[in-house]
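Coordinate analysis (summary)
Residues per chain are reported as follows:
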Amino acid sequence: MSSILFRLASGIVRNAKKVLFAWLAILIVVILAMVGLGGKLTNDFTIPGTEGQRGIDVMSERFDELSGTSGQVVFGAPEGESIWDYQDTIDPIIEEIATIKHVKSVADPFDDTFMDPLVSENNRYAMSQVQFNFGLDSIDEESVNQLVAAAQKAEADGLYVTVGGQVMSLTEIPLSPLEAVGVVLALVVLSVAFRSFRTGLVPIATALLGVAIAMGITLAIAAFVPISTTTPTLAIMLGLAVGIDYALFILSRHIDQLEEGYTVEESIPRAIATSGAAVLFAGATVVIALMALFVAGIPFLTVMGLAAALAVAIAAVVAVTALPAILALLGDRIRPKRRRKKHAEGEAKESKHRASVWWARTVTSHPWLTILGVTAIVALMTVPAANLRLALPDNGVEDESTMPRQTYDLVAKEFGEGANGPLVVIGDIVTSQDPLGLMDDLKGEIEALDGVEYVQIATPNRSADLGVIVIIPTEGPDSIATEQLVHDLRGMAPKWEAEYDISEVMVTGSTAVGIDVSAKLFSALLPFGIVVVGLSLIILLVVFRSLWVPIKATLGYLFSVAAAFGMTTLVFIDGFANDLLMIGQVGPVISFMPIMLMGVLFGLAMDYELFLVSRMAEDYARSGDARKSIRTGFAASAPVVVAAALIMMSVFSGFIPDGSFYVQPIAFGLLVGVGVDAFLVRMTLVPAVMQLLGEKAWYLPKWLDRMLPVLDVEGTGMDLHFKHLDWQRDNGEVVARADHISVGDRRGDLVHDATFEVRPGEVVRLEGDPASKEIMLAALGARVHPYSGSVFVFDISALDEASRVIARSVFLDDPSTKVPDAKKPTLYLVNRHLRDEEVEKILENVEAGGALVLGNANTEGFESARVYGVPSTKVVNA
């Protein structure tokens, strides 16, 4: 991967303007598609298959008058007057509303034919229910606007009029200027980190480009797929956060290399090949976590995860393509004015980051105290999570200045809190001989239940085969009492079916559907958590090749999630500092907050673990001192992790004050989660645990080490390539070079710590066990991969680009395999008898700059070949 990225970045540097024009062209095309397709957003959070949704489907087929999307029109008389005196004003408006396109029915608030008049107890307010024939996923804005215009005609006669209900649900992306504050804070952090405002602007620019393209694609797709208003907001939030962070990682490496004296043309490809590889891995981790939301089996959540994953993926691609083009055009204008002096090894090197070194020493000097302290803090932060309650927000969480919220509050005040969330009980009554009497009996039983304010309607449908009972609960739709009422009604269903000889009794309505969605999402947390934790263990096991590091990292992730849940509950449900943070609403958080939080935090936590611990692993591999590598690795990586975390938190903070209640809990939870994960877990708990483990932190059974694939996530292959080029400058050109390679299995190594080189025009004859010689040839030709060490063939890394090594080498072990005609110098790896004409053909290429390595082959004609004894620890039969 890193070699591919190196070549890609080199090409981008040469064609920087063309690359940027290409990205701008993509942006323009996406915007035109978005505008042309005219996709609309919805607030439809239904789940097929739940009881509430099945009931909605039955009503749409058999009781059409109550199906579809509803609206509320509230008329208010002047203070001291009665709304009954304005009936002549309201009746014509009701008739006009009935003629609006898509209106199926409109209730006269003064009509008592089927139910009591919808007039408040003080006789000042009247409410009309309007039923449309479209769903929440296809709200017709023109019809809604006509409804509002018709209702407001009553204002001419001095009435107060407000319109609310489902039809007034927000269908625009809920953003405000305050979101820009988070971006400004991120810019401040970047400017301080790079000591340059101009340099700090670069990550902001690339992040905004990625977000704009992702939003254009998402809104274009909205023309074909139902997408909620929350989806783009989440994608914008994540796209900005990771887009800025990914650019930060690459730009930091580039600035460091410029300080070391590299030219711009040298530095950009190196930065992309190393940090760019880590960015792509980090992005892939977040994308996988977000796409794993499909495990919940909830369509709208899957779409939400895919849209957020798209934003993250585009952010990563922009970081490794558009960013190098921008850096190439900026050239030396962002080169630090003062070149950093090269530090010696040891203490002088540590002095660069005195604060980081001091912190590492502090938390590792008393590791048990650090671990207990962090655990206690996280436990304290987690305690409020016991009160976590989930619900689907309605108009009651909208801004108080909006008409939907004002209508919601007025209805709750004058008609009772339950009037905003009626429950509907339906049942198949086709066998009943007295459907009207049956409905009266059921009405009486339901009105006797706790939590029922009154029954608004109890009637059979026109064909008298379906009974419908509309219940007004005592409390609001998001209350515990209303949720319990739904469970009580469903618990009574079997009794009613047996007693009244009816069937398919279901509790439905928008409130019941919301309760079902919350329950479904809550039940999905465990399987999703298992998937995420499993992914965490597997990914980190492969990356760090350690048993303890993945376990420690996964437990740290769970710490972060638990703390985020607790603090979100404390602020949003318990109300602590709610007004201070300008949230303006206390109550259950949106149902998909926990599962979305878990998915996003997983990806971000793995990023921080990777950037912090991988440097410790590198230092340990070089020094062999596990505890010293904690301090040196921490000192080198901590500043970047701190900057990345502060940027993430800055972006998330912009979505909290006066934001959408759909997004606020997620943004706040991510802010807390990132803060806890970066500062308490990764930078405090991790060094302490690593200090306790010592050498054991890097333990991995050899048999497992050999089984695991090699995953180069930080451009290690490219780092080795650069070191190989430096070695070659000091030691001369080589065709092939093996550097401390080992190949084997649990029984031992066929090749153990082998180091040798083959120079142009050279013939080398291997000695040792036949199996060892054969596997050595295969390793040189990238046919097998060593579990340690590196191999280079014509300066190509076998670790990073095995296919190119295979293309530049010929492996002969089958007598039927012919020696191909090679136009370029080639590495020949021979493990069979060579015929005279083959020897002649190979030697011609060797003389032209190729090389020949003989394993189990004939030695005639090669007596003068250099001999290399293959080191092995495995006992095999010859």
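Residues numbered from 1 in each chain as written. Predicted model: local features only at pLDDT ≥ 70, side-chain atom pairs only at ≥ 80, totals over all residues. Heavy atoms only, no water.

**Brief notes about the overall build of the protein chain**
When helices and strands are counted, the protein chain shows 26 helices and 21 strands. Expressed as lengths along the three principal axes of its C-alpha atoms, the size of the protein chain is roughly 115 × 65 × 55 Å. Among the 878 residues that make up the protein chain, the fraction classed as buried is 57%. Taking contacts inside the protein chain between residues at least 6 apart in sequence as the whole, the part at least 24 apart equals 76%. In the protein chain, 65 side chains carry a positive charge and 101 a negative one; their mean positions are 19 Å apart. (Helix = DSSP H or I, 4+ residues; strand = E, 2+ residues; numbered from the N terminus. Buried < 20%, exposed > 50% of the residue type's maximum accessible area, 1.4 Å probe, protein only. Contact = heavy atoms within 4.5 Å. Lys, Arg positive; Asp, Glu negative; His and termini not counted. Charge placed at Lys NZ, Arg CZ, Asp CG, Glu CD.)

**Some thoughts on the sheet that holds strand S15 (residues 763-767)**
One open sheet accounts for five strands, arranged S18-S19-S20-S15-S21; its pairing is parallel. With partners counted over all chains shown, the strands left at the sheet margins are strand S18 (809-812) and strand S21 (866-869), one partner each. Between one strand and the next, the sheet's axes are offset by a mean angle of 20°, whatever the strand orientation. Bridging between S18 and strand S19 (residues 827-830) involves four bridges; their strand directions are parallel. Considered in S19, the bridge of Leu812 is made with Val830. (Pairing = 2+ DSSP bridges. Axes fitted to C-alpha atoms, helices over the stretch in contact; angles between N-to-C directions.)

**As for empty space enclosed by the protein**
According to the stated counting rule, one finds four cavities of 30 Å³ or more in the structure shown. Its volume calculated, the largest cavity comes out at about 70 Å³. Secondary-structure elements contributing two or more residues to the lining of the largest cavity are strand S8 (423-428), helix H15 (435-447) and strand S10 (466-473). Tallying contributions element by element places S8 first for the lining of the largest cavity, with three residues. Across the lining of the largest cavity, the residue classes tally to nine nonpolar, two polar and no charged. (1 Å grid on protein atoms, 1.4 Å probe; cavity = no way out; pocket = protein on both sides within 12 Å on 5 of 7 lines; lining within 4 Å. Points joined across faces, edges and corners; volume = space filled by probe spheres on them. Nonpolar A, V, L, I, M, F, W, Y, C, P; charged D, E, K, R; others polar.)

**A few points about helix H9 (residues 264-291)**
The largest bend in H9 comes to about 35°, at Gly276. With respect to burial, H9 is a largely interior element, 22 of its 28 residues being buried. (Bend = angle between axes of the 7 residues up to and from the residue.)

**Re the sheet that holds S10**
With respect to topology, four strands assemble into an open sheet ordered S9-S10-S8-S11, the strand pairing being antiparallel. The sheet is open, and its two borders are formed by strand S9 (452-460) and strand S11 (503-508), each paired with just one other strand. Neighbour-to-neighbour, the strand axes of the sheet open up by a mean angle of 15°, direction not taken into account. Each of S8, S9 and S10 touches H15; the most contacted strand, S9, lies at about 170° to it.

**Some points on the nonpolar core**
By size, the foremost hydrophobic cluster in this structure holds 166 residues, and its most contacted members are Tyr246, Leu290, Leu301, Phe592, Ile595 and Phe652. Those residues within four positions of Leu301 in sequence are excluded, and the remaining contacts are Leu293, Ala296, Leu521, Phe592, Ile595 and Met596. Ranked by size, the runner-up nonpolar core spans 33 residues in total, among them Ala754, Leu766, Leu777 and Tyr868. (Core = buried A, V, L, I, M, F, W, Y, C linked by side-chain atoms within 4.5 Å.)

**As for helix H5 (residues 141-151)**
Among all positions in H5, only Ser143, Val144, Leu147, Val148, Ala150 and Ala151 are buried. Mapping the buried residues of H5 onto a view down its axis gives an arc of 165°, with all of them on the same face. Every exposed residue of H5 that faces more than 90 degrees away from the buried side is listed here: Glu142 and Asn145. Contact partners of the buried residues in H5: strand S2 (69-76), helix H4 (87-98), strand S4 (125-132), strand S5 (160-165) and helix H14 (403-415). (Arc of directions from axis to C-beta.)

**Structural notes on the side chain of Asp677**
Relative to the helices and strands, Asp677 is located in helix H21 (residues 664-693). Accessibility expressed as a relative area gives 1% for Asp677, which makes it buried. A polar contact of 2.7 Å, which involves the side chain of Asp677, links it to the side chain of Ser560. Those residues in contact with Asp677, other than ones at most four positions away along the chain, are Gly556, Tyr557, Ser560, Ala605, Tyr608 and Arg682. (Polar contact = N/O pair within 3.5 Å; in protein donor to acceptor, adjacent residues only side chain to side chain.)

**Focus on the pattern of salt bridges**
In the structure shown here, the tally under the stated rule is 22 salt bridges. With a shortest N-O distance of 3.6 Å, Asp428 and Arg62 are connected by a salt bridge. One end of the pair, Asp428, is in strand S8; the other, Arg62, is in helix H3 (residues 51-62), with 366 residues separating them in the sequence. Residue Asp428 is classed as buried on the basis of its relative accessible area of 18%. Accessibility expressed as a relative area gives 28% for Arg62, which makes it partly exposed. Two residues, Asp677 and Arg682, come together in a salt bridge whose shortest N-O distance is 2.9 Å. Pair check on accessibility: Asp677 and Arg682 agree, each one buried. Via salt bridges that share partners, Lys552, Glu609, Asp677 and Arg682 belong to a single interconnected network. (Salt bridge = Lys/Arg side-chain N within 4 Å of Asp/Glu carboxyl O.)

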